[in-house]
Amino acid sequence: MTTLTLDNISVGALEGVNLSLQGGDIVCVSGPSGSGKSRLLRAVADLDPHQGTVVLDEVQQGSMPGHCWRRQVMMVPADSQWWYEDVGAHFEPEQRTLPSALGLPPETMNWTVNRLSSGERQRLAIARALARQPRVLLLDEPTANLDQDMTHQVENWLLEEIRARDLIVIWIAHDIGQIERVASRHYHIQGSTLEPVHGSH
Ligand SMILES: Nc1ncnc2c1ncn2[C@@H]1O[C@H](COP(=O)(O)OP(=O)(O)OP(=O)(O)O)[C@@H](O)[C@H]1O
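Residues numbered from 1 in each chain as written. Predicted model: local features only at pLDDT ≥ 70, side-chain atom pairs only at ≥ 80, totals over all residues. Heavy atoms only, no water.

- Under an unreviewed UniProt entry, the protein chain has the name ATP-binding protein and belongs to Marinobacter similis.

**A look at the overall build of the protein chain**
Link 1 in the chain: Looking only at helices and strands, one finds five helices and 10 strands in the protein chain.
Link 2 in the chain: Since a compact globule built from 201 residues should have a radius of gyration of about 17 Å, the 17 Å found for the protein chain is in line with a globular shape.
Link 3 in the chain: Along the first, second and third principal axes, the C-alpha set of the protein chain runs to 45 × 35 × 30 Å.
Link 4 in the chain: Going through the 201 residues of the protein chain one by one, you find that 49% of them count as buried.
Link 5 in the chain: Considering only residue pairs separated by 6 or more positions, the protein chain has 66% of its internal contacts joining residues 24 or more positions apart. (Helix = DSSP H or I, 4+ residues; strand = E, 2+ residues; numbered from the N terminus. Rg over C-alpha atoms; globule rule 2.2 N^0.38 Å. Buried < 20%, exposed > 50% of the residue type's maximum accessible area, 1.4 Å probe, protein only. Contact = heavy atoms within 4.5 Å.)

**Some words on the packing of helix α3 (residues 118–131) against helix α4 (residues 148–165)**
Link 1 in the chain: As a packed pair, α3 and α4 sit with axes 12 Å apart at the nearest point and diverge in direction by 5°. Comparing the axis directions of α3 and α4 gives the class roughly parallel. On α4, the residues touching R123, I126, A127 and L130 of α3 are M150, V154, W157, L158, E161 and R165.
Link 2 in the chain: Looking at the contact of α3 with α4 residue by residue, the class counts come to seven nonpolar, no polar and three charged. (Axes fitted to C-alpha atoms, helices over the stretch in contact; angles between N-to-C directions. Parallel < 35°, antiparallel > 145°, perpendicular 65-115°, else oblique. Nonpolar A, V, L, I, M, F, W, Y, C, P; charged D, E, K, R; others polar.)

**Let's talk about the pattern of salt bridges**
Link 1 in the chain: For the coordinates displayed, the defined rule picks out seven salt bridges.
Link 2 in the chain: With a closest N to O distance of 3.4 Å, D25 and R185 form a salt bridge. Of this pair, D25 sits in the loop between β2 (14–22) and β3 (26–30) while R185 sits in strand β9 (residues 185–190), and the two are 160 residues apart along the sequence.
Link 3 in the chain: Overall, the relative accessible area of 17% leaves R185 in the buried class.
Link 4 in the chain: Because the salt bridges share partners, they merge into one network encompassing R39, R42 and D48. (Salt bridge = Lys/Arg side-chain N within 4 Å of Asp/Glu carboxyl O.)

**Regarding the nonpolar core**
Link 1 in the chain: Counting residues in each nonpolar core, the largest one holds 36 residues, and the members touching the most others are L137, L158 and W171.
Link 2 in the chain: Breaking this core down by element, the ones donating at least two residues are β3, β6 (73–76), α3, β7 (136–140), α4, β8 (168–172) and α5 (176–182).
Link 3 in the chain: Setting aside residues up to four positions removed in sequence, L158 forms contacts with I126, L130, L137, L139 and W171.
Link 4 in the chain: Ranked by size, the runner-up nonpolar core spans 29 residues in total, among them L6, V27, V136 and L194. (Core = buried A, V, L, I, M, F, W, Y, C linked by side-chain atoms within 4.5 Å.)

**Describing the sheet that holds strand β5 (residues 59–60)**
Link 1 in the chain: The four strands are arranged β2-β1-β4-β5 in an open sheet whose pairing can be described as antiparallel. Looking along the sheet, the strands with just one partner apiece sit at the ends: β2 and β5.
Link 2 in the chain: Contacting β1 (3–11), β2 and β4 (51–56), helix α1 (residues 37–44) runs over the sheet at an angle of about 125° to β1. (Pairing = 2+ DSSP bridges.)

**Structural notes on the environment of I26**
Link 1 in the chain: You can see I26 is positioned in strand β3.
Link 2 in the chain: Here I26 falls in the buried class, since its relative accessible area comes to 3%.
Link 3 in the chain: Between the C-alpha atoms of I26 and R185, which are 159 residues apart in sequence, the distance is 6.7 Å.
Link 4 in the chain: Apart from the residues within four sequence positions on either side, I26 is in contact with L159, I162, V169, W171, V182, A183, S184 and R185.

**Brief notes about the sheet that holds β6**
Link 1 in the chain: With mixed pairing, the six strands of this open sheet are ordered in space as β6-β7-β8-β3-β9-β10. Edge positions in the sheet fall to β6 and β10 (193–196), since each has one partner strand and no second. Between one strand axis and the next, the sheet turns by 20° as a mean value, whatever way the strands run.
Link 2 in the chain: With four bridges joining them, β3 and β8 adopt parallel strand pairing. For V27, the partnering residue across the bridge sits in β8 and is I170.
Link 3 in the chain: Its contacts with the sheet place α1 against β3, β6, β7, β8, β9 and β10, and it is angled at close to 160° to β7.
Link 4 in the chain: Across the sheet, α4 is in contact with β3, β7 and β8; its angle to β8 comes to roughly 155°.

Written as structure tokens, this is what we have:
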């Protein structure tokens, strides 16, 4: 079984984060705006300098080039980056059929990235990340731009995919309802530390 270990991670004002996750685990992280949630994900993805070690199945983050690490430990930032003009160019030809749960028509693959709404971008960024077969998924408020119905639909789809692929997930969320629906464990950033939320263990 896949294991991800965060050992004494410090990044920005956040200090001494210790976490151990196994395949299928969804750890939700909440905290005030600016408390360091995104930076923590960026540290785990090897996108931000930090102290401490991150280990995936006994392989240390620093032992491989960042881009190789990020193929396995994939971050979906709140504001996703797109490199080509058309949506379809970001997907391999055999991966251009979108799951119906995303509520996007098949023509989406022919659309230009410029025309995408923020909610469409967000759903496509998640689909793109999953298509690359990561072992760890780092989700930064993945449903922030979606209405309630679409949020539930995407949550359910993600939960199925996470179970089926035995993925390890760190999921930043503000909505306590969402955290209760998806989290195996919940941590909250309080000042400079990541604290377990009572009742979530
Ligand atoms: N590369 C950086 N160097 C220095 N400070 C940074 C850097 N990136 C972010 N910060 C600062 O670190 C703090 C935490 O930022 P972060 O984006 O992690 O917050 P957050 O908890 O995700 O907030 P929000 O909920 O508003 O997205 C902020 O004060 C931010 O300005």
